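Chains, contacts and geometry: an overview
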Amino acid sequence: MRMGTQVALPGQAAELTSVGQLDPAEEAAVRLRRARRVMNRPQELAGLDPAEQLEECLRVLRAAEARRDGTVRDTQLRAAAVFFDTAGPYLVWVRENGLYCLDDPSRTFERWLSELWGYSQSQCYLFIDAVRVRAALGLAGSEEYAYRGTVVTTGHIKALAPAVNARLGPEGVQQLWADTEARDGKATETGLRRTWRAYRELAAAQPTDGEGEAGGAGTGETSENSEDAGRVARWGVNEELRAVRAALETLQARYGRLTNGGLAPLDAAAATREAAQVRALGRWFSRHAAVPEDVVLDAEIVQD
């Protein structure tokens, strides 16, 4: 052995974790050998007849394509999950705190989305709904994009959003998903919508005071159903308030387009009257927009 030649001992070789730790000449040699191995892999087919070679080539090509597509899809889904969890809460904050109109009091949230953020109204509301649905399913704060083995798609988000926005709560949303799976074998957008509709119909079908006994002296199951129906009815109140708010936001956007359209009405007197009525309605909502409360009515007790 020539003097000055360094021999890599087993212990030293084990410490190598990448070719970047080698000197330039050794690194180039390792990379060349690795490239040759890649290019020479098809030589394994030399002993097969041409038809078998083609069949094996197609098998490898299909497997490589599936692996590539799966990796790309997984990366995209994880990135989308992180994006929803990051963007959604801040969009909610901007909307609920009126930050979108700080420099322009007439600007609506929808116009802010279009002018300053670059996304459409439907996209941004999807982002908001997505993080709420992910939170209800226990996925928020992670890169997970599947629940109970099912990838949570845009369709699932749209189907669950009414229940989540009606303050169903995480346990209720997860039960809604489980009920859908129990009935249909899997949770689909159509199935989730059907289950939520059944929840609401159950609440609507329950007798009110004076129309019969709601629960009464029946079984424990009847009492439990009545309690569930009461919760669903309360969720319906939240959903109705959300619908009213969404309708008002739509009207606000329409009114903004009129006032900023640069075109005056043909009948100025009539337009002035309509504007006065709009302001009156606005004052009504300012005075009466409150959270509904339970009302207990005093009733006269009549003894037989």
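The model shown is predicted, which means the values in this text are computed figures rather than measured ones.

The next point concerns the packing of aromatic side chains. This structure, assessed with the given rule, holds 11 aromatic pairs. Centroid distance F109 to W112: 5.9 Å. Interplanar angle 20°. Geometry classified as stacked. With F109 and W112 both in helix α4 (residues 109-117) and three residues apart, this pair spans about one turn of that helix. Of the residues examined, F109 reaches a relative accessible area of 2% and is grouped as buried. Judged by its relative accessible area of 13%, W112 falls in the buried class.

When pLDDT is averaged along the protein, the result is 79, and 79% of the positions lie at 70 or above. Taken element by element, the protein is modelled with least confidence in helix α1 (residues 10-14), mean pLDDT 45, and with most confidence in strand β1 (residues 146-147), mean pLDDT 93. Contacts from residues 1-14, a stretch scored under 50 in pLDDT, to residues over four places away or in other chains number two contacts. Within the model, pLDDT remains below 50 along residues 210-224, and this stretch shows five contacts once partners closer than five positions in the same chain are excluded.

Closest axis-to-axis distance for the helix α3 (residues 50-96)/helix α5 (residues 121-136) pair is 8 Å, and the angle between their directions is 110°. Classed by the angle they form, the pair α3 and α5 counts as roughly perpendicular. When the axes of α3 and α5 are compared, the crossing they make is left-handed. Contacts between α3 and α5 pair A81, F83, F84, D85, G88, P89, L91, V92, R95 and E96 from the former with C124, Y125, F127, I128, A130, V131, R132 and R134 from the latter. Its residues assigned to classes, the contact of α3 with α5 shows 12 nonpolar, one polar and five charged.

Bringing helix α6 (residues 154-165) into the picture now. With 12 residues, α6 should reach 16 Å at 1.5 Å per residue; the first-to-last C-alpha distance of 16 Å fits that figure. Those residues of α6 lying buried are G155, H156, I157, A159, L160, A161, A163, V164 and N165. Remark: R167 follows α6 within two positions and exhibits a positive phi of approximately 65°.

Cut-offs applied
Residues numbered from 1 in each chain as written. Predicted model: local features only at pLDDT ≥ 70, side-chain atom pairs only at ≥ 80, totals over all residues. Heavy atoms only, no water. Phe/Tyr/Trp six-rings, centres within 6.5 Å; stacked < 30°, edge-to-face > 60°. Helix = DSSP H or I, 4+ residues; strand = E, 2+ residues; numbered from the N terminus. Buried < 20%, exposed > 50% of the residue type's maximum accessible area, 1.4 Å probe, protein only. pLDDT = per-residue confidence, 0-100. Contact = heavy atoms within 4.5 Å. Axes fitted to C-alpha atoms, helices over the stretch in contact; angles between N-to-C directions. Parallel < 35°, antiparallel > 145°, perpendicular 65-115°, else oblique. Left-handed = near helix turned anticlockwise from the far one by under 90°. Nonpolar A, V, L, I, M, F, W, Y, C, P; charged D, E, K, R; others polar. Expected span 1.5 Å × (residues − 1).

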